[in-house]
Amino acid sequence: MTDCIVVTGGAGFIGSNFVLQWLQHEGGRVIVLDKLTYAGNPANLGAADTGRYELVCADIGNRSVVDALLAQHKPRAVLNFAAESHVDRSIHGPGEFIQTNVVATFSLLESVRAYWLSLPESEQQAFRFLHVSTDEVFGTLGPDDAAFSEATSYAPNSPYSASKAASDHLVRAWHHTYGLPVLTTNCSNNYGPLHFPEKLIPLMILNALEGKPLPVYGDGQQVRDWLYVEDHCTGIRRVLESGRVGETYNIGGCNEQKNIDVVLTVCALLDELSPRADGKAYSEQISYVKDRPGHDRRYAIDASRMQNELGWRPSETFATGLRKTVQWYLANPEWVANVKSGAYRDWVEKNYTERC
Ligand code: NAD
Ligand code: DAU
């Protein structure tokens, strides 16, 4: 093996933040394997050290390409961020979610297993496959329920979360049956720089600045547990370094927020950092729209295993992380213009016209 890692989905939101952080804090080479769907953007990796990273544009389900890539680079770890990730898109078109998150993940596991079996025994022991998953596999919580722990049963409710749950089960089985040294992380909602503006926080920032309505689904009382993306990335690095093989790790921000409160906080930050020309508050743009079908009411993560076993804690509060995020979007209009392609406009029309 070499001092190299393969990061699938490394041109997306969390994957690219991870690669940038890895290149800053860790040694060795990084091979990004990414299909470059609408959510994958090579510009996200613009600040990466080009001498130490390479972008390979391919599907994780392309067996011959992935086999050859692993044989060529001989990585010590494969980290799987690649997925279709947006719940609303999974409701409009679940097929892509089954294809990538289930079928292609199965193919990736088979490529990785064949590569792992080709290694000498000492290297087999050192190798890791880290699968990045979500808290949505646990379903929804009532207001007084305990937060999701690693022992919580799976109960996914959307096509997206069902497809992620299926991939988690495959990863678990590849460890249990074949001995593949796997690690799985289940994280709560991320936010921060490079977040594609189909998701709540970047959508609200950009719609507000463009004078558009701020579409809050249903009553806006749904709760999510928000974590700054760089804290998620440090958590993944800790799990890769010291996590127990075959275990799962819940990563979260201890930061439950109602959607309407998130939107109001974004509006207040924009009022301060980039006030409306007419002097009015951005919150006047809030518009309640038809709810997401099957909308999960509350997510919350119990991250005590991460804290107690691995000494991990988030370093940003929601106040500091959200301020950094809003400042990043204000400072990067070229990135915003670049991702808002024709395909993005088509999506916005499809998702929001039906809700009005
Ligand atoms: P994203 O949609 O921003 O990025 C996904 C990346 O995967 C893109 O670069 C895309 O091009 C690539 N990709 C998609 N299909 C592929 C395929 N078949 N082969 C190769 N590459 C492919 O997603 P994200 O928000 O960065 O999420 C990354 C991972 O983290 C996902 O597995 C997601 O389920 C998980 N996750 C996300 C969050 C969150 O809040 N965003 C929270 C917890 C877990
Ligand atoms: O919990 C982790 C998950 O968080 C990840 O696994 C997913 O990949 C990621 O997309 C995210 O899923 P959510 O559905 O929670 O995120 P989203 O940003 O789409 O929505 C957050 C909340 O805001 C949710 O309750 C729906 C609501 N919402 C979203 C949009 C896009 C709105 O009210 N209006 C909107 O326009």
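In what follows, the structure referred to is the one given above.
Rules behind the numbers
- Residues numbered from 1 in each chain as written.
- Chains lettered and ligands numbered in written order.
- Predicted model: local features only at pLDDT ≥ 70, side-chain atom pairs only at ≥ 80, totals over all residues.
- Heavy atoms only, no water.
- Pairing = 2+ DSSP bridges.
- Helix = DSSP H or I, 4+ residues; strand = E, 2+ residues; numbered from the N terminus.
- Axes fitted to C-alpha atoms, helices over the stretch in contact; angles between N-to-C directions.
- Contact = heavy atoms within 4.5 Å.
- Buried < 20%, exposed > 50% of the residue type's maximum accessible area, 1.4 Å probe, protein only.
- Right-handed = clockwise from strand over helix to strand, strands pointing away.
- Phe/Tyr/Trp six-rings, centres within 6.5 Å; stacked < 30°, edge-to-face > 60°.
- Parallel < 35°, antiparallel > 145°, perpendicular 65-115°, else oblique.
- Left-handed = near helix turned anticlockwise from the far one by under 90°.
- Nonpolar A, V, L, I, M, F, W, Y, C, P; charged D, E, K, R; others polar.
- Near = heavy atom within 4 Å.
- Polar contact = N/O pair within 3.5 Å; in protein donor to acceptor, adjacent residues only side chain to side chain.
- Areas by Shrake-Rupley, 256 points an atom, 1.4 Å probe, with all protein chains shown as cover.

Visitor: Even after reading the chapter, I still don't get the sheet that holds strand S2 (residues 29-34), so can you show me in this structure?
Guide: Two strands in a sheet stick together by hydrogen bonds in their backbones, pointing the same way (parallel) or opposite ways (antiparallel). Across the sheet, seven strands lie side by side as S3-S2-S1-S4-S5-S6-S11; this open sheet has parallel pairing. The open sheet has two edge strands with one neighbour each: strand S3 (53-57) and strand S11 (248-251). Mean inter-strand twist for the sheet, computed between neighbouring axes without regard to direction, equals 20°. Direction of pairing for strand S1 (residues 4-8) relative to strand S4 (residues 77-80): parallel, over a ladder of four bridges. Bridge pairing in S4 links Thr-8 to Asn-80. Docked against the sheet, helix H6 (residues 159-178) engages strand S5 (128-134) and strand S6 (182-187), running at close to 155° with respect to S5.

Visitor: Which parts of the structure should I look at to understand the pairing of S5?
Guide: Working note: regular strand, side chains alternate between the two faces of the sheet. Along S5, seven of the seven residues are buried, which leaves the element largely enclosed by surrounding structure. Here S5 shows no split at all, with Arg-128, Leu-130, Val-132 and Thr-134 on one side and Phe-129, His-131 and Ser-133 on the other all buried. Pairing between S4 and S5: four bridges, direction parallel. In the strand pairing of S5, Ala-77 is matched with Arg-128. In this sheet, S6 lies alongside S5 in parallel orientation, the contact comprising six bridges. Bridging across to S6, Ser-133 finds its partner in Asn-186. Assessed by its sense of winding, the connection that carries the chain from S5 through H6 to S6 is right-handed.

Visitor: When you look at the packing of aromatic side chains in this model, what are you seeing that I'm missing?
Guide: Two measures describe an aromatic ring pair: the distance that separates the ring centres and the angle between the ring planes. Enumeration over the complete set of coordinates arrives at 17 aromatic pairs. A ring pair is formed by Phe-18 and Phe-81, whose centres lie 5.2 Å apart and whose planes are at 45°; its orientation type is tilted. Residue Phe-18 is found in helix H1 (residues 13-25), and its partner Phe-81 is found in the loop between S4 and helix H3 (87-92); the two are separated by 63 residues along the sequence. Centroid distance Trp-174 to Tyr-178: 5.3 Å. Interplanar angle 70°. Geometry classified as edge-to-face. Of the two residues, Trp-174 and Tyr-178 are both situated in helix H6; the distance of four residues between them amounts to about one turn of the helix. Relative accessible area serves as the criterion here: at 36%, Tyr-178 is assigned to the partly exposed category.

Visitor: Help me out: how do you make sense of the packing of helix H7 (residues 200-209) against helix H9 (residues 259-273) in this one?
Guide: The relative placement of two packed helices comes down to the angle between their axes together with the axis-to-axis distance. Contact pair H7 / H9: the axes reach a minimum separation of 10 Å and the direction vectors enclose 45°. Here H7 lies oblique to H9, going by the angle between them. For H7 against H9, the interelement crossing comes out right-handed. Taken together, the residues of H9 that come into contact with H7 (itself represented by Leu-200, Ile-201, Met-204, Ile-205, Ala-208 and Leu-209) are Asn-259, Val-262, Val-263, Val-266 and Leu-270. Here the contact of H7 with H9 is composed, by residue class, of 10 nonpolar, one polar and no charged.

Visitor: Looking at this structure, I do not really get the site of ligand 1. What am I missing?
Guide: Lining the immediate environment of ligand 1, one finds 28 residues, of which Ile-14, Asp-34, Ser-85, Tyr-160 and Lys-164 sit closest. A distance of 3.4 Å separates an oxygen atom of ligand 1 from a polar backbone atom of Leu-36. Here Thr-37 contributes a backbone N or O atom positioned 3.0 Å from an oxygen atom of ligand 1. Burial of ligand 1 by the protein chains amounts to 97% of its free accessible area of 840 Å². Elements with a minimum of two residues in the shell around ligand 1: H1, S5 and H6. If one sorts the elements of the shell around ligand 1 by residue count, S5 sits on top with three residues. Across the shell around ligand 1, the residue classes tally to 13 nonpolar, 11 polar and four charged.

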